[in-house]
Amino acid sequence: MTDNANLGAGMDEAGQLEWESPMYHEAVAQFDRVAEVMGLDHNVAERLRRPQRSIVVTFPFRRDDYTEVDTLFGYRVQHVLTMGPTKGGIRYAPDVNLGEVAALAMLMTWKCAIVGLPFGGAKGGVRVSPLDLSRSELQRVTRRFTTEIIKFIGPDTDIPAPDLGTNEQVMAWLMDTYSQHVGHAEPAVVTGKPPELGGSVARREATGRGVVSLLPAAANHLDHPINEASVVVHGFGNVGRYAAIAASEMGCRVVAVSDIYGGIYNPDGLDVMAVARHSDNHRTLEGFPGVDRVTNDEIFTLDCDVLIPAAIGGVVTRANADDVKARMVLEGANNPITLEADDILRDRGVFIVPDVLANAGGVTVSYFEWVQDLQNYFWSENEIVGRLREIMNRAFHEVLHISTNEGVDMRTAALIKGIRRVAEAKLVRGVYP
Ligand code: NAD
């Protein structure tokens, strides 16, 4: 590659990418692999490898101890502005960085296109540990971060949502801050809000329930009965908890779940609702009676039919992929399986429903929420759940069709579907000026 080509590819003179990080490299490597399989137009491919807009902010944050003012880093990346407004979560985590957010924004673009939503992908984050913050500290971080990115978000431009370490209350503060600045209530600026502010019923459960709504179709494809199927869920937050509840409601045996402190295991099946109550009361799974403790490494190696990683990225790697016993993996989290581990699992015949498809239920119900806010007309829970199930299942079957017809795995098939839609939109819009 010439120096000029390097600069064109977003590198500075030292060959550094602006979004340098292992996760970004992995997202681009995955994209390149699929672009090659599809024979994607190389000009469009080059545009899609780089996020269109990346915002980095630093801002002061006063701790409850008034003598302490920290400087925090915040990010918002909007990957593709071609399809409509951009859409994606905001995460609070101690190690979040621009490259991670850029990778996740790219994934969001494909995800929205796979389920047919009129959005490009975005993602945001603040590098802070939410577990160390008091409620008022969390509120100050949120209001100041919102103010820093306020020119770049809005119902027609970019619509944030919750992600790791953020929740409905954080979205309520974000909506309030935005509304104070524009001088009127603007619920459609954010999704995943409390229902009192125009939030959608069933949004909280949507991602986890959406993941599990694909279980019958996936099991049917594998000719595997779901009744009594044993399920392991890594993570017991927004996604993991409702995935576990939905799986158990469907008649599966949820044998293990975990949170950041470790997991609990009972081969006869856990009482998931009792686990949820324990987690609410104690903010940990520790101390739940009548179970064995397992570590967050051991949980991936437990005997089960279905594994649902629903916590963080990069947890199934070359080091543990051979020990995974599940026949099927439904990716609740984003990027839970590294590219190398993906190859190993596929070679071993494990059926993987990839993140861009499996966890698209969250953004789908967010889309419903945005539409309802714009129209000030709210749907019933039954309408929402019914439409979610229909969209998820249609997308699953379309992806399975591509996978079978084009002889590719489900991840490649899902990405072909998403990338193709975005590339076609880019080509018909053309280059300005
Ligand atoms: P959350 O913060 O509500 O829950 C995260 C869970 O993971 C918690 O149980 C936490 O204890 C556990 N955890 C955190 N760090 C961990 C670690 N280092 N090791 C093991 N466990 C750890 O987050 P969430 O909203 O449930 O999101 C989980 C994943 O799903 C993320 O990858 C997120 O990007 C993805 N996702 C979320 C949504 C959504 O609607 N919330 C939608 C799509 C994808």
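Residues numbered from 1 in each chain as written. Predicted model: local features only at pLDDT ≥ 70, side-chain atom pairs only at ≥ 80, totals over all residues. Heavy atoms only, no water.

(A) Seen up close, the pattern of salt bridges. Under the defined criterion, the tally for this structure stands at 28 salt bridges. Residue arginine 387 is joined to glutamate 383 by a salt bridge in which the shortest nitrogen-to-oxygen separation is 3.8 Å. Note that arginine 387 and glutamate 383 are positioned in helix α14 (residues 381-406) at a spacing of four residues, about one turn of the helix. Its relative accessible area of 34% is what places arginine 387 among the partly exposed residues. Its relative accessible area of 33% is what places glutamate 383 among the partly exposed residues. The network of salt bridges with shared partners includes Arg33, Glu331, Asp342, Asp343, Arg346, Asp355, Asp409 and Arg411. (Salt bridge = Lys/Arg side-chain N within 4 Å of Asp/Glu carboxyl O. Helix = DSSP H or I, 4+ residues; strand = E, 2+ residues; numbered from the N terminus. Buried < 20%, exposed > 50% of the residue type's maximum accessible area, 1.4 Å probe, protein only.)

(B) Seen up close, the site of the ligand. Taken together, 22 residues surround the ligand, and among them Asp163, Thr207, Phe236, Val239 and Ile260 come closest. Valine 239 places a polar main-chain atom, nitrogen or oxygen, 2.8 Å from an oxygen atom of the ligand. At 2.9 Å from an oxygen atom of the ligand is found a main-chain nitrogen or oxygen belonging to isoleucine 260. Its free accessible area being 830 Å², the ligand has 82% of it covered by the protein chains. At the level of secondary structure, the elements contributing two or more residues to the shell around the ligand comprise α7 (203-213) and α9 (238-249). Each residue belonging to the shell around the ligand can be placed in one class, and the counts come to eight nonpolar, ten polar and four charged. (Near = heavy atom within 4 Å. Polar contact = N/O pair within 3.5 Å; in protein donor to acceptor, adjacent residues only side chain to side chain. Areas by Shrake-Rupley, 256 points an atom, 1.4 Å probe, with all protein chains shown as cover. Nonpolar A, V, L, I, M, F, W, Y, C, P; charged D, E, K, R; others polar.)

(C) Here's a closer look at the sheet that holds strand β1 (residues 53-62). The five strands lie next to each other as β1-β2-β4-β3-β5, forming an open sheet whose pairing is mixed. Strands with a single pairing partner mark the edges of an open sheet, and in this sheet they are β1 and β5 (158-162). Here the average twist between neighbouring strands, direction ignored, is 20°. Judged from the five bridges that link them, strand β3 (residues 86-93) and β5 form a sheet pairing that is parallel. Bridging from a neighbouring strand, isoleucine 90 pairs with proline 162 of β5. Its contacts with the sheet place helix α5 (residues 135-149) against β1, β2 (69-78), β3 and β4 (120-127), and it is angled at close to 140° to β1. (Pairing = 2+ DSSP bridges. Axes fitted to C-alpha atoms, helices over the stretch in contact; angles between N-to-C directions. Contact = heavy atoms within 4.5 Å.)

(D) Quick peek at the nonpolar core. Trp110, Val257, Ile308 and Phe396 are the most contacted members of the largest nonpolar core, which has 106 residues in total. Looking at which element gives the most residues to this core, the answer is helix α4 (residues 98-114), with 13 residues. Apart from residues no more than four positions distant in its own chain, phenylalanine 396 is found in contact with Leu214, Ala217, Ala218, Phe351, Val353, Leu357 and Met410. Counting residues in hydrophobic clusters, the runner-up holds 24 residues, among them Phe59, Val128, Met171 and Val189. (Core = buried A, V, L, I, M, F, W, Y, C linked by side-chain atoms within 4.5 Å.)

(E) Here's a closer look at empty space enclosed by the protein. Tallied over the full model, the rule gives two cavities of 30 Å³ or more. Counted as a void, the largest cavity has a volume near 40 Å³. As for the largest cavity, its lining consists of Gln30, Arg33, Val34, Asp409, Arg411, Thr412 and Leu415. Those elements that place two or more of their residues in the lining of the largest cavity are α2 (22-38) and α15 (410-429). Class assignment for the residues of the lining of the largest cavity results in two nonpolar, two polar and three charged. Roughly 30 Å³ of volume is contained in the second largest cavity. Surrounding the second largest cavity, Glu26, Ala27, Gln30, Ala103, Leu107 and Asn335 form its lining. Of all the secondary structure elements, the ones that give two or more residues to the lining of the second largest cavity are α2 and α4. With three residues, the single largest contributor to the lining of the second largest cavity is α2. Of the residues in the lining of the second largest cavity, the class split is three nonpolar, two polar and one charged. (1 Å grid on protein atoms, 1.4 Å probe; cavity = no way out; pocket = protein on both sides within 12 Å on 5 of 7 lines; lining within 4 Å. Points joined across faces, edges and corners; volume = space filled by probe spheres on them.)

(F) How the structure looks around the packing of aromatic side chains. Taken as a whole and judged by the stated rule, the model has eight aromatic pairs. Between tyrosine 367 and phenylalanine 368, the aromatic rings sit 6.1 Å apart at their centres with planes inclined by 50°, giving tilted as the arrangement. Accessibility expressed as a relative area gives 22% for tyrosine 367, which makes it partly exposed. Their ring planes at 35° and their centres at 6.3 Å tell us that tyrosine 367 and tryptophan 370 sit as a pair that is tilted. Taken as a pair, tyrosine 367 and tryptophan 370 lie in helix α13 (residues 361-375) at a separation of three residues, close to a single helical turn. The class of tryptophan 370 is buried, set by a relative accessible area of 11%. (Phe/Tyr/Trp six-rings, centres within 6.5 Å; stacked < 30°, edge-to-face > 60°.)

(G) A look at the packing of α2 against helix α11 (residues 339-347). It is at 10 Å that the axes of α2 and α11 come closest, and there the two elements cross at 50°. Accordingly, the angle class assigned to the pair α2 and α11 is oblique. Of the residues in α11, those in contact with Glu26, Ala29, Gln30 and Arg33 of α2 are Leu339, Asp342, Asp343 and Arg346. Considering only residue class, the contact of α2 with α11 consists of two nonpolar, one polar and five charged. (Parallel < 35°, antiparallel > 145°, perpendicular 65-115°, else oblique.)

(H) Inspection of the layout of surface pockets at higher detail. If you add up the space inside the second largest pocket, you get close to 310 Å³. Forming the walls of the second largest pocket are Asp41, Asn43, Val44, Arg47, Gln52, Leu81, Thr82, Lys426, Leu427, Arg429, Gly430 and Val431. Secondary-structure elements contributing two or more residues to the lining of the second largest pocket are α3 (42-48) and α15. Each residue belonging to the lining of the second largest pocket can be placed in one class, and the counts come to four nonpolar, four polar and four charged.

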